[in-house]
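Descriptive analysis of the structure
Spelled out, the chains give:
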Amino acid sequence: EGICSGREGGVTRREKMARALALAAVCVLVLLAAPSHAFLPSPIASSLPSSASLTQQRASGQASLRKSRASPLPSLTATASGSWAERAGRAVLPAALGLAVAVGAPVIAPAELSPQQQTVADAWTVVDAVYVDRTFNNQNWFEIRQNLVKRKYASSEEAHKAISEEMLKPLGDQYTRFINPQKYESLKQSITQGGNGQEVSGIGVTLAVDKQSQLVKIVDVAEGGPAEKAGLKRNTLFKEVSKVKSEPGQVTAEEIAALVRGPTGSEVTMIVSEGGADKELTVTRQKVNIKPVTGGVSGKTGWIKIKQFDTKTAELVQAEVDKQAAGGVSCRVVDLRDNAGGFFRAGVDAASIFLEAGKQEVSVVNKAGASDSFATEKDGSDTKTPLFLLVNGNTASASEIMTGALKDNKRATVVGERTFGKGVVQTVTPLSDGSGVAVTIAKYLTPSKVDINKKGIEVDSADTAGMCADPYPNL
């Protein structure tokens, strides 16, 4: 009140405003003194910030606190009257004070944070800035920060465990997780190898998360590929790749895929579990040509098997539909079993082939509740032929986008088993000590506004025999 009341204790309002400006300038300098780290391309997210730094994230995260939590400060509004210094002081001071209140005036000043405490603080700021669930799973999110940042840590490992177990796990989101420095470096190298002119290869497997063990498993093995030659089979679990251990519930199929990939001709060592028995083996990476789309005709039944969604998938599905149309098919099966997803847009475009113009396909909703909707712009090439989608518990992500679009628009009958239930988008952001944090930034909704995450899509029927009159040959 004294700041706004003219004169108090022999100090003029002008002098107080000048002090306020100086204080605000110091606050800004403290924030800018922290080292910045650019966002890296994510192996997980389908959309990433183009450029940012942890310093900017701290500022935006603190700003988001001011928006999402009621401040005990009265509203101070700058007016057109008074000097420039007074007007600027009125405008800047509430922001500076709001910042102090928003972060709870921490007991430890930023300059006094240990490296481990800074990593904890940075992880909290990144999650606070972009996490899609603004209730934070009904946790006292602000109190979590206070408790963890002021704690003394004996080692980086202790701080990492606190981030993983006490900060992120209570959010109840398996995709928002901590990534230790060793794993983060491996993921980063996997991404950048191709950009450095190296030919990147794999071992010829399709991966998905096993719901029971919460580890990554093999759901398909490419014929003649390195994995098949090494004796790897379906349902084999990955426990360690390139000395990076997999913790149940803390690993994704995309992460294991990134670790498995590498320069053509190089070796990758792994520990896998088959039937409860662990074994270590070394596999040489090779170029493996996996066709994302195959198809054929059985009698009057046309079938299309989609193994993964990449930038060519929709184009290949369209070519197969055109070819089958020339053969006079009267019924079609699209097999999405064991398809863990891939390129988001490919799922949307593949569904468009079978839908009329103006049909909603999917919505992407961010932390603010803002929604980007995707709808068909024109009639697809086949909007009439009876269509059956064959799915199972490994049908996920982009596969579920296609399934939800065709099911909710009553264009297809979904047959088999309930799908996996991954309807979220993540980014991966580096932290100051070489570790990283993956954060869910948006969720998918089907055309009927159904959130499928952790739930999956219910099938219309479990009876595969009741699909087309001429049976699908690959059941």
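Right above here is the structure, for reference.
Rules behind the numbers
- Residues numbered from 1 in each chain as written.
- Predicted model: local features only at pLDDT ≥ 70, side-chain atom pairs only at ≥ 80, totals over all residues.
- Heavy atoms only, no water.
- Phe/Tyr/Trp six-rings, centres within 6.5 Å; stacked < 30°, edge-to-face > 60°.
- Helix = DSSP H or I, 4+ residues; strand = E, 2+ residues; numbered from the N terminus.
- Buried < 20%, exposed > 50% of the residue type's maximum accessible area, 1.4 Å probe, protein only.
- Lys NZ or Arg CZ within 6 Å of the ring centre and 35° of its normal.
- Pairing = 2+ DSSP bridges.
- Axes fitted to C-alpha atoms, helices over the stretch in contact; angles between N-to-C directions.
- Salt bridge = Lys/Arg side-chain N within 4 Å of Asp/Glu carboxyl O.
- Parallel < 35°, antiparallel > 145°, perpendicular 65-115°, else oblique.
- Left-handed = near helix turned anticlockwise from the far one by under 90°.
- Contact = heavy atoms within 4.5 Å.
- Disulfide = S-S within 2.5 Å.

Concerning the packing of aromatic side chains
- For the structure on display, the rule yields 6 aromatic pairs.
- With a centroid separation of 5.1 Å and 70 degrees between ring planes, the pair formed by phenylalanine 344 and phenylalanine 374 is classed as edge-to-face. A residue pair is termed long-range when its members are at least 10 positions apart, and phenylalanine 344 in helix α11 (residues 344-352) and phenylalanine 374 in strand β16 (residues 371-375) qualify at 30 residues. For the pair shown, phenylalanine 344 and phenylalanine 374 are each scored as buried.
- Cluster of aromatic residues (ring-pair linked, three or more members): Trp124, Tyr131, Phe136 and Trp141.
- The positively charged end of arginine 145 is found above the aromatic ring belonging to tryptophan 124, 5.5 Å away from the centroid.
- Above the face of the tyrosine 175 ring, lysine 422 is positioned so that its terminal group lies 4.8 Å from the ring centre.

Observations concerning the sheet that holds strand β18 (residues 413-416)
- The mixed open sheet is built from 5 strands, whose spatial order is β12-β13-β14-β17-β18. Looking at which strands have only one partner, the edges of the open sheet turn out to be β12 (293-298) and β18. Strand after strand, the sheet turns through a mean of 20 degrees between neighbouring axes, direction not considered.
- Direction of pairing for strand β17 (residues 387-391) relative to β18: parallel, over a ladder of 4 bridges. Bridged to leucine 389 within β18 is valine 414.

Notes on the pattern of salt bridges
- Enumeration over the complete set of coordinates arrives at 18 salt bridges.
- In this structure, the salt-bridge partner of arginine 332 is aspartate 382, at a minimum N-O distance of 2.4 Å. Remark: aspartate 382 occurs in the loop between β16 and β17 and arginine 332 occurs in strand β14 (residues 331-335); sequence separation between them is 50 residues.
- The class of arginine 332 is buried, set by a relative accessible area of 2%.
- Here aspartate 382 falls in the buried class, since its relative accessible area comes to 8%.
- The partner of arginine 418 in a salt bridge is glutamate 458, and the shortest N-O contact between them spans 2.5 Å.

Looking at the pairing of strand β7 (residues 237-241)
- Among the 5 residues of β7, 4 are classified as buried, and the element is accordingly described as predominantly covered.
- Where strand β6 (residues 216-221) meets β7, 2 bridges bridge the pair, whose relative direction is antiparallel. Its bridge partner lying in β7, valine 216 is registered against phenylalanine 238.
- In this structure, β7 lies alongside strand β10 (residues 267-274), joined through 4 bridges in antiparallel fashion. In the strand pairing of β10, leucine 237 is matched with serine 273.

Some words on the packing of helix α4 (residues 115-130) against helix α6 (residues 156-168)
- Close contact between α4 and α6 brings their axes to 9 Å; oriented N to C, the two are set at 25 degrees. As judged from the angle between their axes, α4 and α6 are roughly parallel. Both α4 and α6 take part in a crossing whose hand is right-handed. Counted together, Gln116, Thr119, Val120, Ala123, Trp124 and Val127 of α4 and Ser156, Ala159, Ile163, Met167 and Leu168 of α6 form the full contact between these two elements.

Some details on the state of the cysteines
- For the coordinates displayed, the defined rule picks out 1 disulfide.
- Cysteine 331 shares a disulfide with cysteine 468; S-S distance 1.9 Å. Of note, the bridge from cysteine 331 to cysteine 468 carries an S-S torsion of about -75 degrees and is left-handed in sense. Taken together, the residues cysteine 331 in strand β14 and cysteine 468 in the segment after β20 (436-445) connect sequence positions 137 residues apart. The same class applies to cysteine 331 and to cysteine 468, which are both buried.

Examining unusual backbone geometry
- With a phi close to 55 degrees, asparagine 137 is a non-glycine residue in the positive phi region.
- Mapped onto the elements, asparagine 137 comes out in the loop between α4 and α5 (141-150).
- A positive phi angle, near 55 degrees, is found at serine 397, a position not held by glycine.
- Of the residues examined, serine 397 reaches a relative accessible area of 8% and is grouped as buried.

Distances and angles like these do not, on their own, reveal function.
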